[in-house]
Amino acid sequence: MTENTYLLAGHDSELARLQLQSRVWEPAGRRLLDRIGDGQGAQVVDVGCGSMGWLRLLSEWVGPDGEVVGTDVDESMLAAAKTFVDDEGLPNVTLVTDDVFASELEPSSFDLVHARFLIGPLGRGPEQMATHLRLLRPGGTLALEELDSRSWTFLPPAPALVSPLGHGDKVDGLIPLLSEAFRKAGGDPDCATTQLEVFRDAGIEPHARAEVQALPPGHPYLRLPLVFATALDGLLRSLVDGDDLDRTLAQAERELADPGRWGLTFTLVQTWGQRQA
Ligand SMILES: C[S@@+](CC[C@H](N)C(=O)[O-])C[C@H]1O[C@@H](n2cnc3c(N)ncnc32)[C@H](O)[C@@H]1O
């Protein structure tokens, strides 16, 4: 039996959201792989790959002699990933149902283990890290990507989405409320802040880089907070008054409808390091 405690599981919008998100962050992933080095012929795994994840990137990186395994616990994610892999013609990618908390993948069998946005929503960092390390062969590289929401902002400011930086101590709006909802559901929305320590505790000397993207007016990824708010509606209503939430959501829609409003994403924090040989 696999376990699916992912708080966004079962929402139709989640498959499309993850594909959009994967496309938005592909260039950042490519830059990280360039830093890690030459992957030709490598055996790699994208843990919790969702409907696309790093599958296309890794397929390119390992080349025709390498092998990419994408895992997820959710069959609908894997079905969407399979369609993506078939449409793209990625013959070196295999998709496997596997639970990160009870992984049946061969220990010490991967040159690179990658997991993105997995500790944040699942919130069980030490157990997840233990699985990632077990899968790595000695000398292999672990690469994690998580988010830090503090750069997430809109220009001109959109106070219903997030209060402008520097205006008072309390940051409020929909985005901080979403972090609270993730926390309440057992996630760890601040996990990026401790990523370096997590690597050091595992005896791995970590490297780090970060990326923030500017999104032009009308970019669909600007709507991410509203997509999350729809998926987490019940949870949000357990945190705040329903009428207040409805007013905030309506104002956020008006803010995003402004044809001149652009935005900055959250910070994608990338950490990686090599397990000792
Ligand atoms: C936020 S999504 C990230 C997907 C992908 N890594 C990406 O960045 O696009 C989290 C993914 O973890 C998967 N997941 C949830 N629980 C899991 C588990 N126990 N083992 C493996 N994957 C899991 C979900 O189905 C979902 O696809």
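Counting restarts for each chain, with residues numbered from 1 along the sequence as it is written. The model is predicted, so local features are restricted to residues of pLDDT at least 70 and side-chain atom pairs to those at 80 or more, both for listing and for counting; the totals for chains, interfaces and linings are taken over all residues. Think of the side-chain values as coming from all heavy atoms in the structure, minus any hydrogens and water.

### Topic: the pattern of salt bridges
And step 1. Any Lys or Arg side-chain nitrogen found within 4 Å of a carboxyl oxygen on Asp or Glu counts as a salt bridge. Inspection of every chain in the model, using the stated rule, returns 15 salt bridges.
And step 2. Among the salt bridges present, the one from Arg-56 reaches Glu-88, with a minimum N-O distance of 3.1 Å. Of this pair, Arg-56 sits in helix H2 (residues 55-62) while Glu-88 sits in helix H3 (residues 75-88), placing them 32 residues apart in sequence.
And step 3. Burial here depends on accessible area, computed with a 1.4 Å probe over protein chains only, as a share of the maximum for the residue type. Under 20% is buried, over 50% is exposed, and the range in between is partly exposed. Taking relative accessible area as the criterion, Glu-88 reaches 34% and is therefore assigned partly exposed.
And step 4. Here Asp-244 makes a salt bridge to Arg-247, at a shortest N to O gap of 2.6 Å. Highlighted residues: Asp-244 and Arg-247, both in helix H10 (residues 242-257), separated by 3 residues, approximately one helical turn.
And step 5. Connected through shared salt-bridge partners, Glu-26, Arg-56 and Glu-88 make up one network. Only DSSP runs of H or I covering at least 4 residues are called helices, and only runs of E covering at least 2 are called strands; the numbering of each starts at the N terminus.

### Describing the packing of aromatic side chains
The relation between two aromatic rings is expressed through the spacing of the ring centres and the mutual angle of the planes.
And step 1. Pairing of aromatic rings covers Phe, Tyr and Trp, the last counted by its six-membered ring, and requires centre-to-centre distances within 6.5 Å; plane angles under 30 degrees mean stacked, over 60 mean edge-to-face, and any other angle means tilted. Enumeration according to the criterion identifies 5 aromatic pairs in this entry.
And step 2. Ring geometry for Phe-117 and Phe-266: centres 5.8 Å apart, planes at 90 degrees, overall edge-to-face. With Phe-117 in the loop between strand E4 (110-116) and helix H4 (119-122) and Phe-266 in the loop between strand E9 (262-264) and strand E10 (267-274), the pair connects residues that are 149 residues apart, well separated along the chain.
And step 3. On the basis of relative accessible area, Phe-266 is assigned to the buried category, the value being 1%.
And step 4. Between the aromatic rings of Tyr-221 and Phe-266, the centroid separation amounts to 6.4 Å while the plane-to-plane angle is 70 degrees, which identifies the pairing as edge-to-face. Placement of Tyr-221 in the loop between strand E8 (214-215) and helix H8 (224-231) and of Phe-266 in the loop between E9 and E10 is noted, with a sequence separation of 45 residues between them.
And step 5. Judged by relative accessible area, Tyr-221 falls into the buried class, the value being 4%.
And step 6. An aromatic cluster is defined as three or more aromatic residues linked by ring pairs; in this entry it consists of Trp-25, Phe-117, Trp-152, Tyr-221 and Phe-266.

### Observations regarding the sheet that holds E8
And step 1. Pairing between two strands requires that DSSP report at least two bridges joining them. Across the sheet, 3 strands lie side by side as E6-E9-E8; this open sheet has antiparallel pairing. Edge positions in the sheet fall to strand E6 (153-155) and E8, since each of these pairs with one other strand and no more.
And step 2. Both E6 and E9 contribute to a ladder of 3 bridges, which runs antiparallel. Bridging across to E9, Thr-153 finds its partner in Leu-264.

### With respect to H3
And step 1. Look at H3: 20 Å from first C-alpha to last across 14 residues, which is about the 20 Å you get at 1.5 Å a residue.
And step 2. Downstream of H3 by one or two residues, Gly-89 has phi in the positive range, about 65 degrees. Given the number of residues in a helix, its expected span is that number minus one, multiplied by 1.5 Å.

### Some thoughts on the pairing of E10
And step 1. When you tally the buried positions in E10, you get 7 out of 8 residues, the bulk of the element.
And step 2. Sheet analysis places strand E5 (residues 136-148) next to E10, joined by 8 bridges and oriented antiparallel. Paired with Ala-143 across the bridge in E10 is Trp-272.
And step 3. In this structure, strand E7 (residues 207-211) lies alongside E10, joined through 5 bridges in antiparallel fashion. When the sheet's bridge partners are listed, Glu-211 is paired in E10 with Leu-268.

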